[in-house]
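# Structure at a glance
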Amino acid sequence: MAVLLGAVNVITAKTKKNQSNLNKAIDWGKKHFRISDARDRAYDDDNMRLARSLDRQAESSFDKYTTYLEMLPKAEQKKVDNYVLNNYNK
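Residues numbered from 1 in each chain as written. Predicted model: local features only at pLDDT ≥ 70, side-chain atom pairs only at ≥ 80, totals over all residues. Heavy atoms only, no water.

Okay, the packing of helix H2 (residues 48–70) against helix H3 (residues 74–88) next. Packed helices, taken two at a time, are described by their axes: the angle between them and the distance between them. One can describe the packing of H2 onto H3 by two numbers: an axis separation of 9 Å at closest approach and a directional angle of 145°. The hand of the H2/H3 crossing is right-handed. On H3, the residues touching Tyr-65, Leu-69 and Glu-70 of H2 are Gln-77, Val-80, Asp-81 and Val-84. Considered class by class, the residues forming the contact of H2 with H3 number 4 nonpolar, 1 polar and 2 charged. (Axes fitted to C-alpha atoms, helices over the stretch in contact; angles between N-to-C directions. Helix = DSSP H or I, 4+ residues; strand = E, 2+ residues; numbered from the N terminus. Left-handed = near helix turned anticlockwise from the far one by under 90°. Contact = heavy atoms within 4.5 Å. Nonpolar A, V, L, I, M, F, W, Y, C, P; charged D, E, K, R; others polar.)

Per the counting criterion, the structure on display carries 3 salt bridges. Residue Asp-27 is joined to Lys-30 by a salt bridge in which the shortest nitrogen-to-oxygen separation is 3.9 Å. Of the two residues, Asp-27 and Lys-30 are both situated in helix H1 (residues 16–44); the distance of 3 residues between them amounts to about one turn of the helix. Its relative accessible area of 17% is what places Lys-30 among the buried residues. The residue Asp-55 makes a salt bridge to Arg-39 at a minimum N-O spacing of 3.0 Å. (Salt bridge = Lys/Arg side-chain N within 4 Å of Asp/Glu carboxyl O. Buried < 20%, exposed > 50% of the residue type's maximum accessible area, 1.4 Å probe, protein only.)

And the structure:
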């Protein structure tokens, strides 16, 4: 269930113990897509030094995203994946 809380969309977990990992997974997914977009712009501008740096950051942020995602039950993993892909992959 998605709830509008101020200007932030939040998905609620079925149990309270999963809520922290769910929030962290969403945050790292959001960060990953922002870094990935910046990396793509750096490659488009032929700024290879910045692109390589952002590539390492994107890899690290994706690893953290998947780490927190794997701590969640399968149903919540799917909800987080859909939420992140639909809201931040632009």
